[in-house]
Amino acid sequence: MTEKLKVLVVEDEVLTAKMLKMDLEELGVNVLETIAKGEEAVKVALQENPSLILMDIRLAGGLDGIEAAERILQKKKIPIVFMTGYATEEIKKRALKVNPVDYLDKPVDIYRIKNILEQLDN
Amino acid sequence: MKKTSIPPPKAADPSTRSGQAPSTGSGRSLRRKAEAKMSKRKKAVASPMTEADTLRLVHELEVHQIELELQNEELVGAQAELEALLHQYTGLYDFAPAGYFTLARDGMINRANLAGANLLGVERSRLVKKHFGVFVSAKTRPVFNAFLGEVFESEGKETCEVALQKNGADPIWVNIEAIKEDERGCRVLVEDITGRKQAEEKADEARVFAESIIATVRQPLLVLDADLHVITANRSFYEVFKVKQEETEGKLLYELGNHQWNISKLRELLENILPRNTKLNNFEVEHNFENIGQKTMLVNARRVYQETNRTHLILLAIEDITERKQTEKELEKHREHLEKLVEERTAELQKSEAKFKAIFDNASDGMLLIDPKTLKFFICNTMCAKMLGHTQEEFLNLDIADIHPGEDLSFIYKQIGKFSRGEKGIRNDIRFKRKDGSIFMSDLSPALLSIAGKKYLLIIFKDITERKLLEDSLRESETRYRLLIDNSNDLIQSVGLDGRFLFVNQFWRHTLGYSEEEIAGLNLFDVIHPDHYSHCREMFDKVLNGNSVPYIEVTFAAKDGRPVYLMGSAVPRLLGEKVIAAQSFFHDITERKQAEERLHENERRLSTLMGNMPGIAYRCANDKNWTMEYVSEGCFELTGYMSDELVNNSVIAFNDIIHEEYREHLYNKWQDVLNRKGTFKDEYRIITKDGKEKWVWEQGCGIYSDDDKVIALEGFITDITERKQTEEALRESEELFKSVVHNSDALMILTDAKGVVTYLSAQCENVLGYPADKFIGKIMPDIIHPDDIAKCQHAWEQVTKQGQELHEFEYRIIDSQQGVQWISHSAKLVKVDGRILGMQNTIHNITKRKEMAEALQESEKKFRTITENSADAIFIADQQGNYVYVNQAASDLLEYTPDKLMTMNIADLASQDETKDIEEFQKLQSEGRLYTEILLKKADGTFLPVDLNAVLLPNGLNYGSCRDITDRKRAEEELKESEAKFRIFFESSPVGILIADLETKMFKYSNPCICQMLGYTENELITLNVADIHPKDALQSVIAEFEAQARGEKNLAENLPCLRKDGTIFYADINTIKIFIDGKSYNMGFFQDITEHKQAEEQIQKNLEEKEILLRELYHRTKNNMQVICAILRLQSSRQKDQGMKELLKKIEIKIYSMALVHQKLISSKDLSHLNLKEYIDSLLIHFKQNYVEPFKNISIHTDMTDINVLLDTATPLGLILDELFSNVAKHAFPEKTRGKIKVNLHITPQNKIVLEVSDNGTGLPKGFNVRKDGHLGLETAIDLVEQQLNGRIIFKSEKGLHCKITFKKGLYSKRV
């Protein structure tokens, strides 16, 4: 994968975020600083224009990951992969309406993310 | 007997002769005895003997010895003979044909031969010392015992016959002869006489049979012995010859009946004839017996040899033929007499035969005798043969076919057949064929004759050819004359000497109105008018005397009584000289006579009339004045004018006295009449001299000249004023009566004195079913029903003969449609001055009334039956309340007799509440109907509740039917009680109850609970229906539920929204059942308000969901925390330089990850307690691969896993175990980084045990490696987890790699969950 692929990790669990970042970096992926809040995620996404956003659904702040994704996608078509510890059917439905690239249960399969990135790269 | 050879005696032993010791045993024995005896004798000898003495002694001894030897030889020979004889006799004894026994005095058998043993049926050896009596049958044993005693008492031979009983076999009869041997025994001979016995029995039977025959035979029978002594005679002998048995049997035949049988002829038979012949039949013996008179007997004699007695018997069968003989004598006399007669008769017959033969042969008709069977000609007379052109000899060889035309043969044969059977057949105009083929006609006279017992058909025939011709010509002539006579306009008759009509012509019949058949029975004087009898008789006699009467006037009476005047002549009809009839020719002058009479009468009448008639006879001119030329004297009375005042209009013209109204009309009418040459008739008014109006009737006609000009008018005028007035009155009356009659529904019939119908009113067709024209002018035809004719005739007779009136006499008629109608007939004679003018009949058709009456009767009968048999008590009371009818049920109900009830009043049975009863009765009277419950007093004084259904009948009677309602009342009470009970339940039920009509869905009943539920009152609810108590948006489903419940598809509709009155909604479970009230179906719904329940449920659900969410959240947080720990460990590991530490941290991280994964899986599980082990292991494997990258690069993992759901408590340790296993594999299984394979197998056994196998194809365990002892902490932990936590088994097998099998029971922690 080329270094131009940038991944934004939006995860309110800091250590989980760090671990994910570390795993991705081990795979040679450029990971932007992890974001814990939805609003900030929107701002950074629009600003940094990452290749892929790994968005946790439950976030700190006023926006949850789905709402943040909606706002981002209103402005830019950035591929989003939702991550969730557990979600109700309602949340799943909401999330899928945003048309994410993937919807992963945590702990996420890093190789799956790798595949997605490779596809994006191609 | 079996023959046995007797062995020859043995020869004497020669060695014994020489003085040598005998060689035989017996000889030696004898020697020893002799020597012994010798030795005894030797001692007695004292002095010695000289030689000579000795020699002499020796010689003597030798001679003696030889003598002895010789004797011995003889003895031996004798013994041998004796032995032989013994043997022989023993053989004879043993094999004798009879049984020989030697019996002791007590009957014991000492000895028996074979035949005897055979007779007894026992082996000879076993017979000895057996009692003979044992073998004798019980029946004859006493005989044997007595016989045995006699044997020993007697010196001679005794015999008896007994039956021996062999084992199971039929007894055999034996003859026992015994003779005493000594005091101890006897010799017994036993012979089998069974055959003889049977023969004796048969002989006895035969004898008895013969004796029966002899006794039955009617002829006297005698049995004589050879000495002509009577052995026996039958009953018939004793009866016929009047002798007694005791005087007959044993007596010499000739001595019987005081030597009456000493008949020389009989002696001849018995002494001379019979000895030479064994039988003789029909030997006639005549004798005059003293006691029975002269008898002639026919004797059949038989000489019979009796083998048993070796003697002859003579059987005589005697038949008394005395009467027969007498009869024969008489017959003989008669025969002689008959012979004499026959001779005489034969002579006569011969004479007669000659006579008849002469007649036969000389008859002018052909006579022919035919055998009807063979149709052969037997005999024919000369004329027959001559007529047919044959000789007699030729003719007899002919047959039927030769003497008739071929085409007539079948007809001829048929007629012959008929004649042969005595039938009439066709005899006339039979065609015969002559020898030359010509045909002639003949009439036959057949007759059946019997000649010498054989039937013959005699045919007498004559040639009628000439006669036929003559007949034809006569017929032709007769026809001609008949035509003349029949078409004559004169009456032609021929009267026989006895006055009977031999012939009358058609005109005669027509004039007098008789038919040919009637004429055949008529006599001349039947048709002569009585006034002319004597004259006619005189004329008839004259004619019969041969005189003609050229002119006769006579009056005949026609069949209808009408006089017929005749004028003619009469002549005698002669046959030869003899008058055989009187022929008359008459001309009918009846009309002329009548005309003459009429003329005379007219003249007479006219002259009388002229003189006395109350009217005017006139002759006038045909002018406007009607100028009178002649007016009769009656003019004055009619008009007030004298006749001469009218003649020539001297005072007044006739026209002037005619009422002005009629003048023109009369004139015109007259002209019209005159033009037609008709007769004028009219009625008009005139004004008399004194100014009165009179009605007159005029009739006249014109008098014409030769040239048809009207010369004058002649006629008469008569006063009809009274008649007119009467007519008016009559017309009015007739109109009235006509109106009455026509409007009456009765049929009025008037008949004249003869019964001819003169008038029928318009109702004929309605009443009788026939049009009036069927009856008018006729005597009433017979339309009366056959069954009623007799009674009607009787009724008519009473009216017509006795003058009684018939009043509403009912009978049946057959109408024109062949239907039966009932009519009521009233009739009476109409008399005027005692003279019967006719009968007046009034007839009503009462068919409907009858039908109604019958129907009514039927109905009444039916209702009476119903009433009588009704289970309900029926009372009928009059207006005063007195019972006029009660049925049996009423009597039974109140226990009064029907008679008693009939004496009672309603009040007698009334309850104590009289006021109520009176009111009820009054209600019935006023309203006509009453239905109520009352108490009736029974005979025992108790009161019975009944329901009363009463009706006031049109005839004023009160009809009531009562039924005992005691049971019903009781049931009502019970029902009320039950209803009260259920009402309480209904009213106080905590469950809302609504009852809705299935069809209309309208509510019928509701309980307080549902009213409270819905907020409606009961009265409001019964105006509502199902749709009104549910929200509109749920209506469809509610109605669907209702209908499904109505169809019985379901009972419970759950969670239905219900709409209260105030618009609020509550939810209810509605449980329904289908009920029937008064035959109609309803849904009964039980409403359970589930709102609280629902709320509680919702709350619970909500709580449940909340808890679920919390649990998931908990799992999530746990998982997250574990992931955080994993992250920390990862981070820490990434910072470690020490590889060992790195690996350790990694190991820990993996372990924690595997636990976190369990929670991850639980979050997404359905029940938050079980997770799919397969999915878990899959995820775990992915993670292992990700973390043990290097080792797992060349290792392929193959899984074969079943979906098994396990609890967290199972999954967590399994995860740790798997982690350990895989890390071992990663570390140790494939050290050379070779390609490897790991297999993971997960399945569950039928015993509900989970089996998890992890195997690899790596290096396996080192040799001697003990997993439990030598394993590291990880393995140790894994083993502990399996065995202690999972309570399972873990087995390691190191064979071509390492195989680890973990087995544990599923559901170990289920109770905890």
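Up top you'll find the structure we're talking about.
Residues numbered from 1 in each chain as written. Chains lettered and ligands numbered in written order. Predicted model: local features only at pLDDT ≥ 70, side-chain atom pairs only at ≥ 80, totals over all residues. Heavy atoms only, no water.

**A short note on the overall build of chain B**
Item 1. Within chain B one finds 42 helices and 47 strands.
Item 2. Within chain B, counting contacts between residues at least 6 apart in sequence, those at least 24 apart form 45% of the total.
Item 3. Counting only carbon and sulfur atoms, one obtains 53% of the accessible surface of chain B, whose full area is about 78000 Å². (Helix = DSSP H or I, 4+ residues; strand = E, 2+ residues; numbered from the N terminus. Contact = heavy atoms within 4.5 Å. Areas by Shrake-Rupley, 256 points an atom, 1.4 Å probe, with all protein chains shown as cover.)

**Comments concerning the overall build of chain A**
Item 1. In terms of regular secondary structure, chain A is built from five helices and five strands.
Item 2. In sequence order, the secondary structure elements of chain A are arranged as β-α-β-α-β-α-β-α-β-α.
Item 3. For chain A, the proportion of its 122 residues judged to be buried stands at 50%.
Item 4. For chain A, the share of sequence-separated contacts (at least 6 apart) that also reach a separation of at least 24 residues comes to 63%.
Item 5. Carbon and sulfur atoms provide 44% of the accessible area of chain A, an area that totals close to 6000 Å². (Buried < 20%, exposed > 50% of the residue type's maximum accessible area, 1.4 Å probe, protein only.)

**Side note on the interface of chain B and chain A**
Item 1. Taken residue by residue, the interface counts 21 residues in chain B and 16 residues in chain A.
Item 2. Summing both sides of the interface, chain B and chain A together bury roughly 1700 Å²; the carbon and sulfur share of this comes to 61%.
Item 3. Summed over the shared surface of chain B and chain A, the number is two salt bridges.
Item 4. Where Arg1130(B) meets Asp23(A), a salt bridge forms, and the shortest distance between an N and an O atom there is 2.1 Å. (Buried area = accessible area lost by both parts, 1.4 Å probe. Salt bridge = Lys/Arg side-chain N within 4 Å of Asp/Glu carboxyl O.)

**As for unusual backbone geometry**
All names here are of chain B.
Item 1. The phi angle at Leu-228 is positive, at roughly 65°, despite the residue not being glycine.
Item 2. Despite not being glycine, Asn-1248 shows a phi value in the positive range, around 65°.
Item 3. We classify Asn-1248 as partly exposed; its relative accessible area is 37%.

**A look at the nonpolar core**
Item 1. Ranked by size, the top nonpolar core spans 56 residues in total, and within it Leu1173(B), Ile1177(B), Ile1217(B), Val1240(B), Phe1292(B) and Ile1302(B) carry the most contacts.
Item 2. Among the nonpolar cores identified, the runner-up in size contains 30 residues, and Phe241(B), Phe283(B), Ile292(B) and Met297(B) belong to it. (Core = buried A, V, L, I, M, F, W, Y, C linked by side-chain atoms within 4.5 Å.)

**Digging into the pairing of strand β17 (residues 501-504) of chain B**
Residues and elements named next belong to chain B.
Item 1. Strand direction decides the pairing type here: strand β16 (residues 491-496) and β17, joined by three bridges, are antiparallel. Within β17, the position partnered with Ser-494 by the bridge is Phe-503.
Item 2. Taken together, β16 and the strand that follows it, β17, pair antiparallel across an intervening segment of four residues, in which Gly-499 is found at a positive phi of about 90°. (Pairing = 2+ DSSP bridges.)

**Focus: the sheet that holds strand β18 (residues 549-557) of chain B**
Residue and element names in this part refer to chain B.
Item 1. Spatially, β17-β16-β20-β19-β18 is the arrangement adopted by the five strands of the open sheet, whose pairing is antiparallel. The open sheet has two edge strands, β17 and β18, and neither has a second partner. Each strand of the sheet is rotated relative to its neighbour by a mean of 30°, with strand direction disregarded.
Item 2. Where strand β19 (residues 563-575) lies against strand β20 (residues 578-588), ten bridges are found, and the strand directions are antiparallel. Among the inter-strand pairings, Arg-573 is bridged to a residue of β20, identified as Ala-581.
Item 3. Its contacts with the sheet place helix α19 (residues 533-544) against β16, β18, β19 and β20, and it is angled at close to 140° to β18. (Axes fitted to C-alpha atoms, helices over the stretch in contact; angles between N-to-C directions.)

**With respect to the sheet that holds strand β1 (residues 6-10) of chain A**
Residue and element names in this part refer to chain A.
Item 1. The strand order across the open sheet built from five strands is β2-β1-β3-β4-β5, with neighbouring strands paired in parallel fashion. Edge positions in the sheet fall to β2 (30-31) and β5 (102-105), since each has one partner strand and no second.
Item 2. Sheet topology places β1 next to strand β3 (residues 52-56); four bridges connect them, and they run parallel. Each residue of the ladder has a partner; that of Val-10, found in β3, is Met-55.
Item 3. Running over the sheet, helix α1 (residues 14-26) touches β1, β2, β3 and β4 (80-84) and is turned about 165° from β1.

**A closer look at the side chain of Asn958(B)**
All names here are of chain B.
Item 1. Mapped onto the fold, Asn-958 is located in strand β35 (residues 958-964).
Item 2. Given a relative accessible area of 4%, Asn-958 falls into the buried group.
Item 3. For Asn-958, the side chain forms a polar contact with the main-chain oxygen of Asp-878, separated by 3.1 Å.
Item 4. Sequence-distant contacts of Asn-958, defined by excluding residues within four places in its chain, comprise Phe-875, Ile-876, Ala-877, Asp-878, Gln-879, Phe-921, Leu-924, Gln-925, Val-951 and Leu-952. (Polar contact = N/O pair within 3.5 Å; in protein donor to acceptor, adjacent residues only side chain to side chain.)

Nothing here speaks to function; it is geometry throughout.
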